[in-house]
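Examination of the molecular architecture
Residues per chain are reported as follows:
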Amino acid sequence: MSYELIALLMFSTMMLMLLTGQRVFGAIGFVAVVAALLLWGDRGGYDIGYSALIKLMNWYPMLTLPMFVFMGYVLSESKIADDLYKMFHVWMGGVKGGLAIGTIGLMVLVSAMNGLSVAGMAIGSTIALPELLKRGYDKKMVTGVIQAGSSLGILVPPSVVLVLYAMIARQPVGHLWLAGVGPGLMMAALFIAYIVIRCALNPALGPALPEAERAQVTRAEKMRLLRAGLLPLGIFAVMMVPFVKGWTSLVEASAIGAIAAFIAAVLKGRMTKTVFLTATRNTLGISCMFMWIILAALAFGAVFDGLGAVKAISFLFTEQLGLSPWVILILMQLSFLVMGSFLDDTAMLVIVAPLYVPLVGALGFDLVWYGVLYTITCQIAYMTPPFGYNLFLMRAMAPPEISLKDIYGSIAPFVAVMILALTLTMVFPQIATWLPNYVYQ
Amino acid sequence: APAVLKAQEAIKWRFQTYAGSALGQEVTKPAIDAINAAAQGELEIELYYADQIVPTGELFQALQRGTIDGVHSDDDSMASPTPLRQFGGYFPLATKHALDVPVLFKQYGLAEIWEEEYAKVGVKWLSAAGQDPCNFNTKKEVTSLADLEGLRLYTFPTAGEFLSQFGVVPMNIPYEDAQVAVQTGELDGMAWSGITEDYTVGWADVTDYFLTNNISGAWIGSFFVNQQRWADLPDHLKTIVSSAIEASHTYRNQWYWGGEARLRAQGDKLQLRSIPQEEWKVVEDAAVTFWDEMAEQGEVAAKLVQIFRDYKDVTSKAGPPYTFG
Amino acid sequence: MSFMRGYISWIDGMNRLIGRITMFFLFVLMGILLWSSMSKVFFLPSLWTLEMAQFVMVAYYILGGPYSIQLGSNVRMDLIYSELTDRRKAWMDAFTVFFLIFYLGVMIYGGLASLAYSLGNFMGSPLSFFGKLIAAFVTGGPAAAADVMGYIETSRSSWGPVMWPIKLITCIGLFMMLLQVLSEFFKDLLRLRGEEI
Ligand code: NA
Ligand code: NA
């Protein structure tokens, strides 16, 4: 059997196994070790799986993962984001669709304080969603707002996805994170523009808060709430400034960020024993989920590599099909989108990115810029059915009046906006590359 | 020649080198390409770069079990389970030029010792060669020994052990991550190679200074093969493998020797700095003590240190170009 | 059946305990990283921090793995799975759990081989090595066991810690994961018999 055929067989078997609903790491790991045993036999076939564990241990930037996850849980469990939400509520409430716009703002701030989209999702669906529904906002639109907004968690720094990408593409995390800022803010602005336009066309989707209710909030109170916005900026600065300045390393910065979030919750009097234990326990759960998937995917990747898949892919795209660099790039993004909508995207990154990234580099593209494109693709993959974390989480957290159909139906316009953002970043790379070039030059 | 060649199943090897893909093009790939071309399909070697199939720390056991069939690396950084471990890579101030290495192996008996020690742990040692010296490339300027204090440098284990007495904090991470680790603040630079490698793999892009003092004049690296796989190889293929590897030493010699001179003289990414020879004498003296300590580790170590001493004695009597003057 | 129930309560209890201890490794990790950044500013950077943090991290997610299964944190692609009835889910799981068991079995064997290497076993099967090691320990004590062992593997760093402790921890963690997965299998069997879990 040719190596190409084995590679294809491995990939399709993995897809099939995943469909059985067994835990993702088990399905991927199984295919990986079986393939390793078939290819290597008793000459070391059994140790490919375990050597992935040593490889993962050497990937020191992964130390940031539990830190950023913990930050997110501290924020969502301790409800220190409540004040942030209120800030947007009183300041934006008067505008048509203002609460939805405020929710996007909230999501940007939450994204600046954690590395995944889980925390944004939890904060959005527990704090923002009930309020929005109570105020008569269209349930489909707001469901979409929260999912789309929370996905910014992986694009706006800090980002676990960009750390993972950085390791695979061997690009500096600082550059990648800063490259995510421009596209992240642009995407948030596009979401807001979409909300403004829709609510202007159909004010029933997002009614402004009545004058009487707004009058209840005093000017002093309004100013006090504005200060709540300083908290995330403070945490962000405590973590990012020493890192970008080179005073602390990446992994140290992540620990400082986690400690800063923890201290903020303590100072606000929100760090109860329950909050502490829940955050600690959930951090273990989510970190384990990621790590075990990456562990299995690394073994899969090593076997794939052993089959010469990297060379095969480059050969296919450049020699056999004779495509131009841009066509190859677009095809890769499309294949990522298709695979990402079916597959777990962490596994995707670890398995597929090592195949694609060398080719992207060889074609002469900037790998920092490509990291941002990749992350936006991940966000879209998160959002789209049949498989998406946002869909899972939304289903688990949303109030009962929001049906699965609402959730699925809510994402289409936001995915369209994300594709627009992806296209803009592709056509105008400066959106991503300007900030890192400015800071690091 | 027979009119009809019997269709034969090609022998396939997986070969992993210590080098990342940029450097591997120069230090390992030429040998592999030559073997593949000369073997005419009877032996096909697939080349993998640093950490690609197995992480470097697991390289040796993977070689023993046959997960990979061949390796290009040094005894020190692959954590060789032999008493030779500290003497491969950069044994502090043991050599001055790349040519010292083949002389030590072929005229002073290192080859026999290497052959014998690796046979004991199930690995076939094929050949060793000298490469580039071990200089420093750093973000901060280094002009005196005091400047080394507190520098976190990517370096070899034994070199790191030696350098820690001068306040260097030796760091160990996967080879391909070193460049980014400088950018993310994990490292202040490297004490890993000569200037050719700095430019080739991109380290010159992230550091600013190159210290011309070296702590060893030539990297001692070897080619290894899984013992059973070597035994299974037909004799004519063994000859092809060995000759191609020997020939590749010549290629590397000129690539490094020319590169070191050209990039020091004309390279525009790293500024040259030096610690005055009088001050560097402290390091040279420290190496003498370090050798004495190493010699106490065991019989083999004592024998090796004696060989290094003997050779040093000969070259210092011979004078330049064997010494620096 | 009572065997299965006993097994489930024992293994789940043990893994829950291990998990609840392991979850605090997070703060050990934080402490090490904080020390690392402080020592860099105030004195000499420490030699051991990054590598130690990596060891703690591996212990964290490997020992915490079984508990994360109990917490239900491990995602599934539930495209089809979520549409199934509970009984069908149990059927499906009772079957596909063998993928997991196989994967973990191979991981454990690879881990034992690597552990044996770290204790100086270069050739031959790791199982017979551990057999010899244990037999020597039982009959002749630590000295005899040391004779069986060879070159003790140390990390490639200048700090150079011995590698066997972390390898042993991961082997234990992988084994506990296997026991946990078996517990999940028994739960599915009980569910298929219509019993309450
Ligand atoms: Na973020
Ligand atoms: Na998806």
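Owing to the predicted nature of the structure, the values given are computational and were not obtained by experimental measurement.

1. What about the side chain of B:Thr28?
Residues and elements named next belong to chain B. Its place among the elements puts threonine 28 in the loop between α1 (21–27) and α2 (29–38). By relative accessible area, which is 0% here, threonine 28 ends up buried. Excluding residues that lie within four positions of it along the chain, threonine 28 makes contacts with Phe15, Thr17, Leu47, His72 and Phe223.

2. Things to note about the coordination of the sodium ion (ligand 1)
Residue and element names in this part refer to chain A. Around the sodium ion (ligand 1), the protein contributes the donor atoms Ser111 (O), Asn114 (O), Gly153 (O), Val156 (O) and Pro158 (O), at 2.3 to 2.4 Å from the metal centre. Between consecutive donor residues of the sodium ion (ligand 1), the sequence gaps follow S-x2-N-x38-G-x2-V-x1-P. Take asparagine 114: its relative accessible area is 2%, and that puts it in the buried class.

3. Quick look at the interface of chain A and chain C
With 63 residues of chain A at the contact, the number on the chain C side is 61 residues. Contact with chain C buries surface across chain A, with A:Arg23, A:Tyr50 and A:Trp292 losing the most and accounting together for 14% of the total. The interface formed by chain A and chain C holds one salt bridge in total. Between C:Glu184 and A:Arg23 there is a salt bridge, and its shortest N-O distance comes to 4.0 Å. At the boundary of chain A and chain C, one finds six residue pairs in polar contact (both at pLDDT 80 or more).

4. With respect to helix α3 (residues 47–58) of chain A
Helical geometry note: an α-helix holds 3.6 residues per turn, so side chains three or four residues apart project in the same direction. A rise of 1.5 Å per residue sets the reference length of α3(A), with its 12 residues, at 16 Å; its end C-alpha atoms lie 17 Å apart and thus fit the reference within 8%. Counting buried residues along α3(A), 12 of its 12 residues qualify, which places the element largely inside the surrounding structure. Within α3(A), the full set of buried residues consists of A:Asp47, A:Ile48, A:Gly49, A:Tyr50, A:Ser51, A:Ala52, A:Leu53, A:Ile54, A:Lys55, A:Leu56, A:Met57 and A:Asn58. Contact partners of the buried residues in α3(A): α2 (24–40) and α15 (273–306) of chain A, α3 (59–65) of chain B together with α3 (49–63), α6 (86–118) and α8 (164–192) of chain C.

The rules behind each value
Residues numbered from 1 in each chain as written. Chains lettered and ligands numbered in written order. Predicted model: local features only at pLDDT ≥ 70, side-chain atom pairs only at ≥ 80, totals over all residues. Heavy atoms only, no water. Helix = DSSP H or I, 4+ residues; strand = E, 2+ residues; numbered from the N terminus. Buried < 20%, exposed > 50% of the residue type's maximum accessible area, 1.4 Å probe, protein only. Contact = heavy atoms within 4.5 Å. Donors = N, O, S within 2.8 Å, 3.2 Å for Na, K, Ca; no water. Buried area = accessible area lost by both parts, 1.4 Å probe. Salt bridge = Lys/Arg side-chain N within 4 Å of Asp/Glu carboxyl O. Polar contact = N/O pair within 3.5 Å; in protein donor to acceptor, adjacent residues only side chain to side chain. Expected span 1.5 Å × (residues − 1).

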